[in-house]
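Summary of the model geometry
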Amino acid sequence: MIGALNHVAVVVPDLSKACRLYESAFGCTPSPPVAVPEHGVTVVFIELSNTKIELLEPLGAHSPVRKFLERNPAGGIHHICLEVPDMDEAVDRVAGAGVRVLGDGSAAIGAHGKPVLFLHPRDCLGTLVELEEA
Ligand code: CO
């Protein structure tokens, strides 16, 4: 059911500092930052040959990643995103395996314009897992 690793998301306290690190230390070319107010984040993508790194900076007072940053002031890995070919089928399957879907259980349109949803980290080995239909 699971396809490729779409991205690994890292929450950072300072997006421009994070971009400079990826440029100077790793020789990457970060995408221009995109504000996604409906998700409370500003996003930069680093394209790698086999996947992406998604750098997330909190946007707004009610950003869902602000608490994460309070617990991890230097930043840290926030979630992994796995591709699935069919979201409805994926939801049936994970639910059948006892894995809880966060929110109302239905997919929202994510930062890439595709349906996404998140699985409960307690049901996924302590890791927040995002599924993206791709
Ligand atoms: Co993501």
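Residues numbered from 1 in each chain as written. Predicted model: local features only at pLDDT ≥ 70, side-chain atom pairs only at ≥ 80, totals over all residues. Heavy atoms only, no water.

**Focus on the overall build of the protein**
Quick note on the threshold: A run of H or I in DSSP counts as a helix once it spans at least four residues, and a run of E counts as a strand once it spans at least two, with each numbered from the N terminus. Note that accessible areas follow from Shrake-Rupley with a 1.4 Å probe, and for residues the cover is restricted to the protein chains shown. Charge assignment: positive for Lys and Arg, negative for Asp and Glu; neither His nor the chain ends contribute. A single reference atom marks each charge: NZ on Lys, CZ on Arg, CG on Asp, CD on Glu.
Counting secondary structure elements, the protein contains 3 helices and 8 strands. Referenced to the eigenvectors of the C-alpha coordinate spread, the extents of the protein come out at roughly 45 × 35 × 25 Å. About 7600 Å² of surface is accessible on the protein, with carbon and sulfur atoms providing 56% of the total. Charged side chains of the protein number 10 positive and 17 negative; the gap between the two group centres comes to 9 Å.

**Quick notes on the coordination of the cobalt ion**
To keep it simple, the criterion reads: Ligating atoms shown are N, O and S within 2.8 Å of the metal, or 3.2 Å for Na, K and Ca, and water is not included, meaning a site may look less than complete. Each label reflects the angles at the metal, where four donors whose angles all fall between 85 and 135 degrees are tetrahedral, four or six donors whose opposite pairs open beyond 155 degrees and whose other angles stay between 65 and 115 are square planar or octahedral respectively, and the rest are irregular. Using a 1.4 Å probe on the protein chains alone, a residue whose accessible area is under 20% of its type maximum counts as buried, one over 50% counts as exposed, and one in between counts as partly exposed.
Those protein atoms acting as donors to the cobalt ion are His7 (NE2), Glu54 (OE), His79 (NE2) and Glu130 (OE), and they sit at 2.0 to 2.7 Å. Geometry at the cobalt ion is irregular, judged from its 4 donor atoms and the angles of 88 to 178 degrees they form at the metal. Motif for the cobalt ion, donor spacing along one chain: H-x46-E-x24-H-x50-E. Of this pair, His7 sits in strand β1 (residues 5-11) while His79 is found in strand β5 (residues 76-84), placing the two residues 72 residues apart along the sequence. Across this residue pair, the class does not change: His7 and His79 are buried.

**Re the layout of surface pockets**
Applicable threshold: The pocket and cavity definitions rest on a 1 Å grid over protein atoms only: a 1.4 Å probe that fits but cannot leave marks a cavity, an open set with protein on both sides within 12 Å along at least five of seven lines marks a pocket, and residues lining either have an atom within 4 Å of a point. Grid points are joined across faces, edges and corners, and a volume is the space filled by probe spheres set on the points. Charged residues are taken to be Asp, Glu, Lys and Arg, nonpolar residues to be Ala, Val, Leu, Ile, Met, Phe, Trp, Tyr, Cys and Pro, and polar residues to be all remaining types, Gly included.
Computed from the structure, the largest pocket encloses a volume of approximately 340 Å³. Only β3 (41-47), β4 (52-58), β5, β7 (115-119) and β8 (129-133) provide two or more residues apiece to the lining of the largest pocket. Across the lining of the largest pocket, the residue classes tally to 11 nonpolar, 6 polar and 3 charged. Reported here for the second largest pocket is a volume of approximately 260 Å³.

**Describing unusual backbone geometry**
Positive phi outside glycine occurs at Leu125, with the angle close to 60 degrees. Within the secondary structure, Leu125 is located in the loop between β7 and β8. Residue class for Leu125 comes out exposed when judged on its relative accessible area of 85%.

**Some points on a negative patch on the surface**
Stated precisely, the cut-off is as follows: What goes into a patch is any residue over 30% in relative accessible area without a salt bridge, connected to like charges within 9 Å or, for nonpolar side chains (Val, Leu, Ile, Met, Phe, Trp, Tyr), within 5 Å. We define a salt bridge as a side-chain nitrogen of Lys or Arg found within 4 Å of a carboxyl oxygen belonging to Asp or Glu.
A cluster of acidic residues, Asp86, Asp88, Glu89 and Asp92, forms a negative patch at the surface. Tracing the backbone shows Asp88 in helix α3 (residues 87-96).

**Some words on the nonpolar core**
Inclusion rule: The nonpolar core is taken to be a set of buried Ala, Val, Leu, Ile, Met, Phe, Trp, Tyr and Cys residues, with the residues joined through side-chain atoms within 4.5 Å. The contact criterion used throughout is that any non-hydrogen atoms of two residues lie within 4.5 Å.
The biggest cluster of nonpolar side chains holds 13 residues, and the ones touching the most others in it are Met87, Leu117, Leu119, Val129 and Leu131. Of all elements in the fold, only β5, α3, β7 and β8 reach the threshold of two or more residues within this core. Looking at which element gives the most residues to this core, the answer is α3, with 4 residues. Beyond its immediate chain neighbours, meaning those up to four positions away, Leu117 contacts Met87, Val91, Val101, Gly105, Ser106, Ala107, Val129, Glu130 and Leu131.

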